[in-house]
Amino acid sequence: MSILRILTVTFCFFISIMGFAKDNIRVTGTVLESTGFHAPITFASIRILKTDSTVVTIVSADEYVYDSYVGGADNQKKYTGGFSVELPREGGKYIFLITSIGYKSTAVNVDLNKLGKREFDLKLNPIYLAPSSEKLDEVG
């Protein structure tokens, strides 16, 4: 067997494997307060559901950056309220249910079918949560 023939067969094999590879989309977003200075809501829970309400995964808004000067100490973590999740392109439509203690829950519909074939990143608009006005009863 000639070298050219081996290279051609190998090349065709890898091309066929790439055709069957599943594409994942990286979805990123930020969870912020709806009032005041729109401060980040750290550790908000983002439950990703299919349209039939089955849970795909759960992530947390726990992304951070190192700030050169926070609260008098160098290199402290500054939480941004950001999150990131990889989802299969073939799943298509998802519901992002965002919750956090002290805030009203909200849902965001995400349709990955609207992305082009060569798009692998989707940055969501900021997600704003309103403060919850519920108060606890006194302990008697």
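This structure is a prediction, so every number in the text was calculated from the model and none was measured.

Asker: Before we go on, may I ask you to explain the overall build of the protein chain in this structure?
Answerer: A tally of regular secondary structure across the protein chain gives one helix and 10 strands. Overall, the protein chain shows an N-to-C arrangement of helices and strands of α-β-β-β-β-β-β-β-β-β-β. Put simply, the protein chain has 140 residues, and 24% of those count as buried. Surface exposure of the protein chain reaches about 10,200 Å², of which carbon and sulfur atoms provide 56%.

Asker: Just to check I follow, could you spell out the pairing of strand S2 (residues 45–50) for this structure?
Answerer: Taken residue by residue, a regular strand's side chains alternate between the two faces of the sheet. As paired strands, S2 and strand S3 (residues 55–60) are joined by five bridges and run antiparallel to one another. Each bridged residue has a counterpart across the sheet, and for Leu-49 the counterpart in S3 is Val-55. The antiparallel hairpin formed by S2 and S3 contains four residues in its connecting segment, where Ser-53 sits at a positive phi of about 75 degrees. With six bridges connecting them, S2 and strand S7 (residues 93–99) associate as antiparallel partners.

Asker: What is the right way to look at unusual backbone geometry in this model?
Answerer: Apart from glycine, the bulk of residues carry a negative phi angle, and the bulk of peptide bonds sit in the trans form. The phi torsion at His-38 lies on the positive side, around 55 degrees, for a residue other than glycine. Here His-38 is to be found in the loop between strand S1 (24–33) and S2. Even without glycine at this site, Phe-43 takes up a positive phi of about 65 degrees. The topology assignment puts Phe-43 in the loop between S1 and S2.

Asker: Hey, could you run me through the sheet that holds strand S8 (residues 106–111) in this one?
Answerer: Sheets are built from strands paired through backbone hydrogen bonds, the pairs being either parallel or antiparallel. Spatially, four strands are ordered S3-S2-S7-S8 in an open sheet, and the strand pairing comes out antiparallel. Edge positions in the sheet fall to S3 and S8, since each has one partner strand and no second. This sheet shows a mean twist of 20 degrees between the axes of neighbouring strands, independent of strand direction.

Asker: Just to check I follow, could you spell out the pairing of S7 for this structure?
Answerer: As paired elements, S7 and S8 share six bridges and run antiparallel to each other. The partner of Ile-95 across the bridge, within S8, is Asn-109. The antiparallel hairpin formed by S7 and S8 contains six residues in its connecting segment, where Gly-102 sits at a positive phi of about 90 degrees.

Asker: Hey, could you run me through the packing of aromatic side chains in this one?
Answerer: What characterises a pair of aromatic rings is the spacing of the ring centres plus the angle enclosed by the ring planes. For the structure shown, the criterion picks out three aromatic pairs. Ring geometry for Phe-83 versus Phe-96: centroids 6.3 Å apart, planes at 45 degrees, classification tilted. Residue Phe-83 is found in strand S6 (residues 82–88), and its partner Phe-96 is found in strand S7; the two are separated by 13 residues along the sequence. The same class applies to Phe-83 as to Phe-96, namely buried.

Asker: How do you make sense of the confidence of the model for the protein chain when you look at a structure like this?
Answerer: Detailed conclusions should not be drawn from predicted coordinates in areas where pLDDT is low. Scored by pLDDT, the protein chain has a mean of 82; 76% of the residues are at 70 or more. The least confident element of the protein chain is helix H1 (residues 3–20), whose mean pLDDT is 52; the most confident is strand S10 (residues 127–129), at 96. pLDDT under 50 marks residues 12–21. Its contacts with residues more than four places away, or in other chains, come to zero contacts.

Quick notes on the rules
Residues numbered from 1 in each chain as written. Predicted model: local features only at pLDDT ≥ 70, side-chain atom pairs only at ≥ 80, totals over all residues. Heavy atoms only, no water. Helix = DSSP H or I, 4+ residues; strand = E, 2+ residues; numbered from the N terminus. Buried < 20%, exposed > 50% of the residue type's maximum accessible area, 1.4 Å probe, protein only. Areas by Shrake-Rupley, 256 points an atom, 1.4 Å probe, with all protein chains shown as cover. Pairing = 2+ DSSP bridges. Axes fitted to C-alpha atoms, helices over the stretch in contact; angles between N-to-C directions. Phe/Tyr/Trp six-rings, centres within 6.5 Å; stacked < 30°, edge-to-face > 60°. pLDDT = per-residue confidence, 0-100. Contact = heavy atoms within 4.5 Å.

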